[in-house]
Amino acid sequence: MPNSLNGHFNGYAILGGGRLARHMRHYLDLLGLRCSAWARQPDPQLNSHNIADTTERLHATVREASHILLLVSDDAIAGLVKRYPELRIKTLIHCSGALGIPGIAGAHPLMTFGSELYELDTYRKIPFMLDQGLDMAELLPGLPNPHSHISVERKAQYHALCVIAGNFPQILWQAISQRFTELGLADGMLEPYLRRVLDNFLANPGTALTGPLSRGDKGTINRNLQSLQPDPLQALYQSFLDFHAA
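Predicted model, so just to flag it, every value in this text is computed and none were measured. (Residues numbered from 1 in each chain as written. Predicted model: local features only at pLDDT ≥ 70, side-chain atom pairs only at ≥ 80, totals over all residues. Heavy atoms only, no water.)

**Side note on the overall build of the protein chain**
Part 1 of the reasoning: Looking only at helices and strands, one finds 10 helices and seven strands in the protein chain.
Part 2 of the reasoning: In summary, the protein chain has a C-alpha radius of gyration of 23 Å against a globular reference of 18 Å for 246 residues, an excess of more than 25%.
Part 3 of the reasoning: Overall, the C-alpha framework of the protein chain stretches about 70 × 35 × 30 Å when taken along its three principal axes.
Part 4 of the reasoning: Here the protein chain holds 246 residues, and the buried ones make up 32% of them.
Part 5 of the reasoning: By sequence separation, contacts in the protein chain at least 24 residues apart represent 54% of the contacts at least 6 residues apart.
Part 6 of the reasoning: For the protein chain, the accessible surface area stands at approximately 14800 Å², while carbon and sulfur atoms represent 56% of it.
Part 7 of the reasoning: Between the centroid of the 21 positive side chains of the protein chain and the centroid of its 22 negative side chains there is a distance of 1 Å. (Helix = DSSP H or I, 4+ residues; strand = E, 2+ residues; numbered from the N terminus. Rg over C-alpha atoms; globule rule 2.2 N^0.38 Å. Buried < 20%, exposed > 50% of the residue type's maximum accessible area, 1.4 Å probe, protein only. Contact = heavy atoms within 4.5 Å. Areas by Shrake-Rupley, 256 points an atom, 1.4 Å probe, with all protein chains shown as cover. Lys, Arg positive; Asp, Glu negative; His and termini not counted. Charge placed at Lys NZ, Arg CZ, Asp CG, Glu CD.)

Structure representation (structure tokens):
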């Protein structure tokens, strides 16, 4: 467990100026938890003081906090702590889903963060994936979120699965939307179908699959494949068939 101020919680400091930093600051504010924030480039929305020097601003931000959220890019986490080694007297938390960093606790929020801030109920439901052996109440005091644990050795695999789940379907949907437009279909025709597919999966993931794959309808599958020539989606269709059959 990283160092802390005698185990006493005295508020959070957020280091970083990206989307996750904005969302976490908003969430902590909604919970009524004490929070200060710092970014390399001063941001009026994240900094309540006007100290020009970067180091002085950082020191002012973390001075009263016991828990520091290092919400910078994965590649910058270790360098930030190396540049400011005095941070190690605090409880340090990073939110990378893929990295394990000695001396810095990992707590990955399993959520996508858009440009618009969310409501409190949405934030409260975000699961946090903690490094094995960490205690949620000690690491993130005041956060009521569900949580689970994962070994550092499995984090890269876990994060790869998150990337696949959260992004690959969107790549497919974008491609299908474009081809619907090329077929002359009206905007919005795909939306009810996609919403129902997702709802059915969330309700019954083991039985939600429909269509020729679930029926084993080889004739329809072959016609599908032929119709997609020479679209790159043909190879993707075949790869999904092979994966489903494995």
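Further notes follow.
**Notes on the pattern of salt bridges**
Part 1 of the reasoning: Applying the stated criterion across every chain yields a total of six salt bridges.
Part 2 of the reasoning: A salt bridge links Arg25 to Asp29; its shortest N-O distance comes to 3.6 Å. With Arg25 and Asp29 both in helix H1 (residues 19–31) and four residues apart, this pair spans about one turn of that helix.
Part 3 of the reasoning: Exposure remark for Arg25: the relative accessible area of 17% places this residue in the buried category.
Part 4 of the reasoning: Classification of Asp29 by relative accessible area gives partly exposed; the value is 44%.
Part 5 of the reasoning: Measuring nitrogen to oxygen at the nearest pair gives 3.4 Å for the salt bridge that ties Asp217 to Arg215.
Part 6 of the reasoning: In this structure Arg215 comes out as exposed when scored by relative accessible area, which is 55%. (Salt bridge = Lys/Arg side-chain N within 4 Å of Asp/Glu carboxyl O.)

**A short note on a nonpolar patch on the surface**
Part 1 of the reasoning: Together, Leu161, Val163, Ile164, Phe168 and Ile171 make up an exposed nonpolar region whose accessible area comes to about 440 Å².
Part 2 of the reasoning: In this fold, Val163 is placed in helix H6 (residues 155–182).
Part 3 of the reasoning: What makes Val163 partly exposed here is its relative accessible area of 31%. (Patch = residues over 30% accessible without salt bridge, like charges linked within 9 Å, V, L, I, M, F, W, Y side chains within 5 Å.)

**As for the pairing of strand S6 (residues 128–131)**
Part 1 of the reasoning: Bridge count for strand S5 (residues 105–109) against S6 is three bridges, and the pairing is antiparallel. Paired with His108 across the bridge in S6 is Met129.
Part 2 of the reasoning: Two elements, S6 and strand S7 (residues 147–150), share four bridges in a ladder whose sense is parallel. Looking across to S7, one finds that Asp131 is bridged to Ile150. (Pairing = 2+ DSSP bridges.)

**Observations concerning the nonpolar core**
Part 1 of the reasoning: Membership of the largest hydrophobic core comes to 25 residues, with the highest contact counts inside it found for Ile14, Leu69, Phe128, Leu140 and Leu143.
Part 2 of the reasoning: Element by element, the count of residues in this core is highest for H1, at four residues.
Part 3 of the reasoning: With residues near it in sequence (within four places) discarded, Leu69 still touches Tyr12, Ala13, Ile14, Leu15, Met24, Leu28, Ile93 and Leu140.
Part 4 of the reasoning: Within the second largest apolar cluster, 16 residues are counted, among which are Ala13, Leu58, Val62 and Leu87. (Core = buried A, V, L, I, M, F, W, Y, C linked by side-chain atoms within 4.5 Å.)

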